[in-house]
Amino acid sequence: MNANIRLPKEDEMYDLAELFKCFGDSTRIRILCVLVGGECCVGDIAEALNMTQSAVSHQLKILKQAKLICGTRDGKQIMYSLADEHVRSIINIGLEHIEE
């Protein structure tokens, strides 16, 4: 074994595993793919994915807790978007990988 391998700290590995769990659900991936196209409200996401707003809201809560998305209030609506470019990169790299 290479003695120069530096493993992340135990808590970092746990956090990374928790992050990747969020990507283990196809509904959450579908929501993230919608948000790659730009910010949307719950209703728009639900319509795009042919889901109920309640089901979408449940998944948005999980994605928000994982810091993969953020929400900005616009009057009575909350507009959701990807948290940062890292999330877009993860989605794009994942798609590139499976398309090889």
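This text gives an overview of the structure that appears in the document. (Residues numbered from 1 in each chain as written. Predicted model: local features only at pLDDT ≥ 70, side-chain atom pairs only at ≥ 80, totals over all residues. Heavy atoms only, no water.)

## A look at the pairing of strand β1 (residues 69-74)
Taken together, the six bridges between β1 and strand β2 (residues 77-82) define a ladder with antiparallel strand orientation. Its bridge partner lying in β2, T72 is registered against M79. Counted between consecutive antiparallel strands, the loop separating β1 from β2 contains two residues, among which G75 sits at a positive phi close to 70°. (Pairing = 2+ DSSP bridges. Helix = DSSP H or I, 4+ residues; strand = E, 2+ residues; numbered from the N terminus.)

## Considerations on the packing of aromatic side chains
Scanning all chains against the criterion turns up one aromatic pair. Here F20 and F23 contribute two aromatic rings whose centre-to-centre distance is 6.3 Å and whose plane-to-plane angle is 50°, an arrangement assigned as tilted. By relative accessible area, F20 is classed as partly exposed at 46%. (Phe/Tyr/Trp six-rings, centres within 6.5 Å; stacked < 30°, edge-to-face > 60°. Buried < 20%, exposed > 50% of the residue type's maximum accessible area, 1.4 Å probe, protein only.)

## Looking at the pattern of salt bridges
As a working rule, side chains carrying opposite charge can pair if their charged atoms are close by. All told, the structure shown has two salt bridges when counted by the stated rule. Here E18 makes a salt bridge to K21, at a shortest N to O gap of 2.9 Å. Of the two residues, E18 and K21 both sit in helix α1 (residues 10-22), three residues apart, roughly one turn of that helix. Across the salt bridge formed by R88 and E85, the nearest N and O atoms sit 3.1 Å from each other. Taken together, the residues R88 and E85, both in helix α5 (residues 85-99) and three residues apart, mark about one turn of the helix. (Salt bridge = Lys/Arg side-chain N within 4 Å of Asp/Glu carboxyl O.)

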